[in-house]
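Observations on the model geometry
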Amino acid sequence: MPETRRPSGGGRCARRPLADRVNDLLAGDRGAVPAQLEALAGVFTGAENPYPVLSWLHRSQAAHLLAHLAGHDSPISHELLDNLPQNAPTRHVRGLLITAGVLPRRHEHLAHLEHWITHTMPALLAPHHTPVIRPFAEWHAWRDARRRTARNRYSVSAAKADVTEIRTAIAFLTWLDSRQTSLADADRPLFERWMTEHRTAPASGN
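The text that follows walks through the structure, step by step, so that each part is easy to find. (Residues numbered from 1 in each chain as written. Predicted model: local features only at pLDDT ≥ 70, side-chain atom pairs only at ≥ 80, totals over all residues. Heavy atoms only, no water.)

**Observations concerning the pattern of salt bridges**
The line we're drawing: For this document, the term salt bridge refers to a Lys or Arg side-chain nitrogen within 4 Å of an Asp or Glu carboxyl oxygen. Secondary structure elements are defined from DSSP: runs of H or I of at least 4 residues count as helices, runs of E of at least 2 residues count as strands, and each element is numbered from the N terminus.
Here the structure, examined in full by the defined rule, presents 11 salt bridges. Between E108 and R94 there is a salt bridge whose closest N-O contact spans 3.8 Å. Of this pair, E108 sits in helix α7 (residues 108–124) while R94 sits in helix α6 (residues 88–99), placing them 14 residues apart in sequence. Residues participating in the shared-partner salt-bridge network are D82, R94, R106 and E108.

**Some points on unusual backbone geometry**
The phi torsion at N152 lies on the positive side, around 60°, for a residue other than glycine. Following the sequence through the fold, N152 ends up in the loop between α8 (130–150) and α9 (156–178). Here Q180, not a glycine, exhibits a phi torsion of approximately 50°, which is positive. Relative to the helices and strands, Q180 resides in the loop between α9 and α10 (188–197).

Put into structure tokens, the structure is as follows:
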């Protein structure tokens, strides 16, 4: 949330509007803030300087997303956020909920890889590629990522590299399809041709 110069008087005149805005945002038509979000409401209303918080609650896309989530009948969870567009407002809301203790901390780089394999990868796969790519993604990339996470050695660049590696494998199988060649029949000269043609066009890591 942005910093705003603190007016004289310590912001006492903004305390009531801030409390009202927090209640409107998180309670909605219920009339009361859900128990799950009481800690977050306390973070907002307990801010030392209420003015920037009040401005953020009125203007931020993340605040509007938070209001939308607060209106859900089901509890807010990492899984619920994972099903939203993974953009700046979603990341900001997730960070607020973790900071307030509403959601548990997790390793976001590993979660990004898991989300990509589960939700994005299937749309990239031809059905006959699934028996090859899914074990590669789940038993090689994902399992190795979990092992590295346990040693605190799995970074955002490592997650992007894993996604790129899976995308490259998919692209290679698609390229073989275009040449009416199966993976079993691909020989070294064909693989070297692929490497030559794709040396300057790496796959995206997103």
